[in-house]
Amino acid sequence: MQAVKRARSLREALELCSPCMERDVALGYMAGMSGDIGTAEKFLAPAVAAANDPANRLYIAYWLGILHLLRADGPKKSSHLVILRWQMRAAAMLANAAK
C-alpha cells in the first residue's frame, strides 16, 4: 500500500511525460486504485495494444477486464479496492506463469 501512496505522489510528473505504454499503465493503475474506472480504462485500453511482451499484455488485459466488470456491476467504491487488490495479485501470478 505504501508503494501506491508513493506512486500517487508522482501522478503529476507522470502526466507530464510523453505518452507510452508504461506511463499509461501507471496512470491507469493509479486511477483504478482511486476508484476512477473511466480514467483507468482510458489509459489501459491503448496500453494493451502497445504491449509487445505477452506477459505484459496479459497483465494489462486482465486488469482492464476487472475494471469492465466493476463498471458493469457497479459495486461500492470500498469494494472496488478489495477487488482490484485481489486482481493485481492474481494478475502478477498469471504474468509469472506466462514467462
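A brief structural summary. Model, not experiment: these values are computed from the prediction.

Rules of the game
- Residues numbered from 1 in each chain as written.
- Predicted model: local features only at pLDDT ≥ 70, side-chain atom pairs only at ≥ 80, totals over all residues.
- Heavy atoms only, no water.
- Helix = DSSP H or I, 4+ residues; strand = E, 2+ residues; numbered from the N terminus.
- Buried < 20%, exposed > 50% of the residue type's maximum accessible area, 1.4 Å probe, protein only.
- Contact = heavy atoms within 4.5 Å.
- Areas by Shrake-Rupley, 256 points an atom, 1.4 Å probe, with all protein chains shown as cover.
- Expected span 1.5 Å × (residues − 1).
- Core = buried A, V, L, I, M, F, W, Y, C linked by side-chain atoms within 4.5 Å.
- Salt bridge = Lys/Arg side-chain N within 4 Å of Asp/Glu carboxyl O.
- Phe/Tyr/Trp six-rings, centres within 6.5 Å; stacked < 30°, edge-to-face > 60°.
- Lys NZ or Arg CZ within 6 Å of the ring centre and 35° of its normal.
- Axes fitted to C-alpha atoms, helices over the stretch in contact; angles between N-to-C directions.
- Parallel < 35°, antiparallel > 145°, perpendicular 65-115°, else oblique.
- Left-handed = near helix turned anticlockwise from the far one by under 90°.
- Nonpolar A, V, L, I, M, F, W, Y, C, P; charged D, E, K, R; others polar.

Focus: the overall build of the protein
Across its full length, the protein carries 6 helices and 0 strands. In the protein, the succession of helices and strands from N to C terminus is α-α-α-α-α-α. Out of the 99 residues belonging to the protein, those deemed buried represent 33%. Relative to all contacts within the protein whose residues are 6 or more apart in sequence, the contacts with residues 24 or more apart total 50%. In the structure as shown, the protein presents an accessible area of about 6000 Å², 60% of it carried by carbon and sulfur atoms.

Details of helix 4 (residues 37-50)
A rise of 1.5 Å per residue sets the reference length of helix 4, with its 14 residues, at 20 Å; its end C-alpha atoms lie 20 Å apart and thus fit the reference within 8%. For helix 4, the set of buried residues is Ile37, Ala40, Glu41, Phe43, Leu44, Ala47 and Val48.

Brief notes about the nonpolar core
Within the largest apolar cluster, 16 residues are counted, with the highest numbers of intra-cluster contacts made by Met21, Val25, Leu44, Ile60 and Leu67. Residue assignment for this core shows that the elements contributing at least two residues are helix 3 (21-33), helix 4 and helix 5 (54-73).

Description of the pattern of salt bridges
For the structure on display, the rule yields 1 salt bridge. Residue Arg23 pairs with Asp24 through a salt bridge whose shortest N-O separation is 3.0 Å. Using a relative accessible area of 11% as the deciding quantity, one classes Asp24 as buried.

Looking at the packing of aromatic side chains
Summed over all chains, the structure comprises 1 aromatic pair. Centroid distance Tyr29 to Trp63: 5.7 Å. Interplanar angle 90°. Geometry classified as edge-to-face. Pair noted here: Tyr29 is in helix 3 and Trp63 is in helix 5, with a separation of 34 residues, a long-range link. Under the relative-accessibility criterion, Tyr29 is labelled partly exposed at 22%. One cation-aromatic arrangement involves Lys42 over Phe43; the distance from NZ or CZ to the ring centre is 4.8 Å.

A look at the packing of helix 3 against helix 4
Working note: a packed helix pair is described by the angle between its axes plus the distance between those axes. Where helix 3 contacts helix 4, the axes come no closer than 8 Å and their chain directions differ by 150°. The angle between helix 3 and helix 4 places the two elements in the roughly antiparallel class. For helix 3 against helix 4, the interelement crossing comes out left-handed. Side by side, helix 3 and helix 4 meet where Met21, Arg23, Asp24, Val25, Leu27, Gly28, Ala31 and Gly32 of the first sit next to Thr39, Ala40, Phe43, Leu44, Pro46, Ala47 and Ala50 of the second. Among the residues making up the contact of helix 3 with helix 4, the classes are represented as 10 nonpolar, 3 polar and 2 charged.

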